[in-house]
Amino acid sequence: MDADVIIVGAGPTGLMLAGELRLGGASVVVVERLPRPTGQSRGLGFTARALESFEQRGLIPRFPGLETSPMGHFGGLQFDYTVLEGAHFGARGIPQSQTEAVLETWALELGAEIRRGWEFTDLAQDEDGVEITVATLDGEQQLRAAYLVGADGGNSPVRKAAGFSFSGTAATRGMYLADVTGCELRPRFLGERLDGGMVMAAPLAEGVDRIIACERGTPPAGRSETPEFAEVAAAWQRLTGEDISGGGADWVSSFTDATRQAGEYRRGRVLLAGDAAHIHLPAGAQGLSTGIQDAVNLGWKLAAVVDGWAPPGLLDTYHSERHPVGARLLMNTRAQGEVFLGGTEADPLRELLTELIENDDVKKHLAGMVSGLDIRYDMGGAEGPDGGHPLLGRRLPHRTLRTASGERSSAELLHTAQGVLLDLADDHVLRQASADWKDRVLTVTATAAEPDDAAVFAGAAGVLVRPDGYVAWAGADAGQLTAGLTRWFGPAAVL
Ligand SMILES: Cc1cc2nc3c(=O)[nH]c(=O)nc-3n(C[C@H](O)[C@H](O)[C@H](O)COP(=O)(O)OP(=O)(O)OC[C@H]3O[C@@H](n4cnc5c(N)ncnc54)[C@H](O)[C@@H]3O)c2cc1C
């Protein structure tokens, strides 16, 4: 074997997964066809949940000056996301190239191997592993690993070679995107609907603005076709009346609203993550963030399988947990596309949604969906005395905790990507129950530092958190805790 896991693609998903797998102790080789990073700005930020995922791994200081925006939108209808506790519209203005550079440095520090200029061309899997063929400058090479993950973007050669289905709806709209220079543009951060379509403009750097132009009725152009700046400028002028043809562009691209999802996220020893598993309109900036969360969900599970302690079925929960999240992402981005980009036929829908969005519960619902904070996984074993805790299956909201080693944030406890048992009532029975999992689960006796923060844990003497930050058990019953530990962390250690 060349590695426990081979990842194809050093985009944000592949790089995050490489770091997660290394934290779990798996050896990783990433193959990337590009000899060097593109430097393209693409995804300009991430959602609240992706930001929390970065925080869980201690990555936030690597994004200096990071700011979050309370004001967001759904389909162009603007509202304050902070109506939902913990929510915001995410971090904005961070070019994807910067996010990738941060993740690449982190993955390399953790010991991942990244081979650039290596293009995956084919695969063959058997009972024990997967062999891939790659084209390199030195000719064709074979690599073998126990598992292969295709994090190779929307066109995913891995997905095609492994025979995954990828169904959905074909493109109906095309949009231009450009990072323009030398144009004095009025900011339209959240986009502006116009008679002929929609435009968006946001400052990216000194003298550089990101623009998007969508003209209703224009035929969709494929993602891979690179338009000329003159085409973008002409579309901008038709839509806004502003002439930007005297400026230039650092980068020009086009994209569509094609919406597709792999029917399964795992076929034997081959798995898909990120855009390889789902493509959609980039509405609400959810694409990169969903890939990051796919990686955080998959990393510890795959590492546990490779290490030999994974309980039966653990790896299958990657599909059962993340496929519904992907399907919901496709639904919400399609809905946003209809509302934001549709013509007069969508006016009644827009009017109705404008009325509904006055309601705080509707705002909370939409903010939860787009920010990724509403995700709730089925943790099983919901029956019994601890079945109904509101935290069960949800992400652990970040709180400051008082521990024996001083005040620590709950996110900090997850930096090493192991499970965490919060012993909130200094309960030796719970501590004893978790002792046999101490190689996989860190037990921390803690209380919420602020009385208001304690409310989130009300009724729970202990909270068991998976390495991805989701609560696997919250309650007081040691038998239920043992069941949760066995379900997610495998059998107790044999001493
Ligand atoms: C215009 C636009 C704006 C966007 N804005 C946002 C935003 O604001 N926020 C957001 O969250 N998302 C946004 N997105 C989406 C975001 O860019 C993608 O969701 C994200 O890049 C997906 O990451 P990934 O790692 O899954 O795939 P990719 O970033 O596509 O990475 C895949 C990698 O695989 C490599 N690869 C492909 N084939 C092979 C092969 N055969 N062998 C080896 N390597 C291979 C590629 O070179 C690439 O490096 C936007 C997308 C577009 C198009």
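On a predicted model such as this, the values are computed, not experimentally measured, just so you know.

1. Regarding the sheet that holds strand β20 (residues 278-279)
- Read from one edge to the other, the open sheet built from 3 strands follows the order β11-β17-β20, with strand pairing classed as antiparallel. Whereas interior strands pair on both sides, the edge strands pair on one side only; in this sheet they are β11 (166-169) and β20.
- Pairing analysis gives 4 bridges linking β11 to strand β17 (residues 259-262), with the strands arranged antiparallel. Note on β17: the bridge partner recorded for T169 is T259.
- With respect to the sheet, helix α7 (residues 316-341) is in contact with β11, β17 and β20, its orientation differing from that of β17 by roughly 175°.

2. Describing the site of the ligand
- Surrounding the ligand, one finds 31 residues, the nearest of these being T13, E32, Q96, L177 and D275.
- Separating an oxygen atom of the ligand from a side-chain N or O atom of E32 is a distance of 2.6 Å.
- In this structure, an oxygen atom belonging to the ligand sits 2.8 Å away from a side-chain N or O atom of Q96.
- Notes on the ligand: free accessible area 1,000 Å², of which the protein chains cover 92%.
- Taken together, the elements giving at least two residues each to the shell around the ligand come down to α1 (12-23), β2 (28-32), β8 (119-125) and α6 (287-307).
- At 3 residues, α6 tops the list of elements feeding residues into the shell around the ligand.
- When its residues are assigned to classes, the shell around the ligand shows 14 nonpolar, 11 polar and 6 charged.

3. Quick word on the pairing of β8
- As judged from the 6 bridges shared by β8 and strand β9 (residues 130-136), these two strands associate in the antiparallel manner. Opposite L123, over in β9, you have I132 as the bridge partner.

4. Description of the domain arrangement of the chain
- Domain annotation of the chain identifies domain 1 (3-169 + 259-371), domain 2 (174-256) and domain 3 (400-489).
- Spacing between the C-alpha centres of domain 1 and domain 3 amounts to 27 Å.
- Facing the 16 residues of domain 1 at the interface are 15 residues of domain 3.
- A per-residue breakdown of the area domain 1 buries against domain 3 is headed by Q56, W300 and W309, which together make up 41% of the total.
- For the pair domain 1 and domain 3, the number of links is 1 salt bridge.
- Across the pair R466 and E321 runs a salt bridge, and its minimum N-O distance is 2.8 Å.
- Run the count over domain 1 and domain 3 and you get 9 residue pairs in polar contact (both at pLDDT 80 or more).
- Counting only elements with at least two residues in the side of domain 1 that touches domain 3, the list comes to α2 (48-56), α6 and α7.

5. Observations concerning unusual backbone geometry
- The phi angle at R42 is positive, at roughly 30°, despite the residue not being glycine.
- Its place among the elements puts R42 in the loop between β2 and β3 (45-46).
- Owing to a relative accessible area of 40%, R42 belongs among the partly exposed residues under this scheme.
- Not every positive phi belongs to a glycine, and A285 is a case in point at roughly 55°.
- For A285, the location among the structural elements is in the loop between β20 and α6.
- Exposure remark for A285: the relative accessible area of 29% places this residue in the partly exposed category.

6. Concerning the sheet that holds strand β15 (residues 208-215)
- What the 5 strands build is an open sheet, ordered β13-β14-β15-β12-β16; its pairing is antiparallel. Two strands close off the open sheet at either side, each with one partner strand: β13 (188-194) and β16 (248-256). Sheet twist, expressed as the mean angle between neighbouring strand axes with direction ignored, is 15°.
- The pairing of β13 with strand β14 (residues 197-205) spans 4 bridges and is antiparallel. Within the sheet, the bridge partner assigned to R193 lies in β14 and is M198.
- Against the sheet, α7 makes contact with β12 (174-181), β13, β14 and β15, and its axis sits at roughly 60° relative to β13, the strand it touches most.

7. Focus: the packing of aromatic side chains
- This model, assessed by the stated rule, comprises 9 aromatic pairs.
- Residues F46 and F54 carry aromatic rings whose centres are separated by 5.0 Å and whose planes lie at 85° to one another, so their mutual orientation is edge-to-face. Each member of the pair, F46 as well as F54, is classed as buried.
- Ring centres of Y81 and F89 lie 5.0 Å apart, and the angle between their planes is 70°; this geometry places the pair in the edge-to-face category. No difference in accessibility class separates Y81 from F89, as the two residues are buried.
- Taken together, F46, F54 and F63 form an aromatic cluster joined through their ring pairs.
- We note R115 situated over the ring of W118; from NZ or CZ to the ring centre the distance is 4.9 Å.

8. Quick notes on the environment of A112
- Inspection of the secondary structure assignment puts A112 in the loop between α3 (96-109) and β7 (113-116).
- For the pair formed by A112 and L17, sequence separation is 95 residues and the distance between their alpha carbons is 9.9 Å.
- When residues no more than four places from it in sequence are discounted, the contact partners of A112 are A18, R22, V28 and A107.

9. Quick word on the environment of S41
- Inspection of the secondary structure assignment puts S41 in the loop between β2 and β3.
- Residue classification places S41 among the buried positions, given a relative accessible area of 5%.
- At 2.5 Å, the side chain of S41 and the side chain of D179 are in polar contact.

10. Quick notes on the side chain of H88
- With respect to the helices, strands and loops of the structure, H88 is situated in the loop between β5 (77-80) and β6 (91-92).
- Its relative accessible area of 13% is what places H88 among the buried residues.
- In this structure the side chain of H88 is engaged in a polar contact, spanning 2.9 Å, whose partner is the backbone nitrogen of G90.
- When residues no more than four places from it in sequence are discounted, the contact partners of H88 are A48, L51, T68, S69, P70, Y81, T82 and S371.

11. Brief notes about the pattern of salt bridges
- Evaluation of the coordinates by the stated rule reveals 30 salt bridges.
- When the shortest N-O distance is used, the salt bridge between E52 and R49 registers 2.6 Å. Within this pair, E52 and its partner R49 are both found in helix α2, separated by 3 residues, close to a single helical turn. Comparing E52 with R49 shows no difference in burial state: the two are buried.
- Put simply, E85 and R399 hold a salt bridge, and the shortest N to O gap is 3.5 Å. Here E85, found in the loop between β5 and β6, pairs with R399, found in the loop between α9 (360-371) and β21 (400-403); they are 314 residues apart in sequence, far enough to count as distant.
- Residue classification places R399 among the buried positions, given a relative accessible area of 12%.
- What emerges from the salt-bridge pattern is a single network uniting R186, R188, E192 and E242.

Here is what the cut-offs are and how they apply
Once a new chain begins, its residue numbering starts again from 1 and follows that chain's sequence as written. The predicted nature of this model means local features are confined to residues of pLDDT at least 70 and side-chain atom pairs, given and counted, to a pLDDT of 80 or more, with totals for whole chains, interfaces and linings taken over all residues. Heavy atoms from the whole structure form the basis of all side-chain values; hydrogens and water molecules are not counted. Following DSSP output, two strands are said to pair if at least two bridges run between them. Each helix is a run of H or I in the DSSP string that is no shorter than four residues. Each strand is a run of E no shorter than two, and both are numbered from the N terminus. We call two residues in contact when some of their heavy atoms are within 4.5 Å. Here an axis means a line fitted to C-alpha atoms, over the contact stretch when the element is a helix, while the angle between two N-to-C directions is reported on a 0 to 180 degree scale. Definition of nearness: a residue and a molecule or strand are near each other if at least one heavy atom of the residue lies within 4 Å of the molecule or strand. Residues adjacent in sequence count toward polar contacts only when both atoms are side-chain atoms; beyond that, a polar contact is any pair of N or O atoms within 3.5 Å, and within protein one must be able to donate a hydrogen and the other to accept it. Note that accessible areas follow from Shrake-Rupley with a 1.4 Å probe, and for residues the cover is restricted to the protein chains shown. Each residue gets one of three labels, nonpolar for Ala, Val, Leu, Ile, Met, Phe, Trp, Tyr, Cys and Pro, charged for Asp, Glu, Lys and Arg, and polar for the others, Gly among them. Throughout the structure description, domain borders are defined by an automatic or database domain assignment. Two parts placed together each lose some accessible area under a 1.4 Å probe, and adding up what both lose gives the buried area. By definition, a salt bridge exists where a carboxyl oxygen of Asp or Glu is found within 4 Å of a side-chain nitrogen of Lys or Arg. Each residue gets one of three labels from its accessible area relative to the maximum for its type: buried under 20%, exposed over 50%, partly exposed in between, using a 1.4 Å probe on protein chains only. Only centres within 6.5 Å qualify two rings of Phe, Tyr or Trp (six-membered ring in Trp) as a pair; their planes then separate them into stacked at under 30 degrees, edge-to-face at over 60, and tilted for everything else. Think of it as a cone above the ring: NZ of Lys or CZ of Arg counts as a charge over the ring if it is within 6 Å of the ring centre and within 35 degrees of the ring normal.

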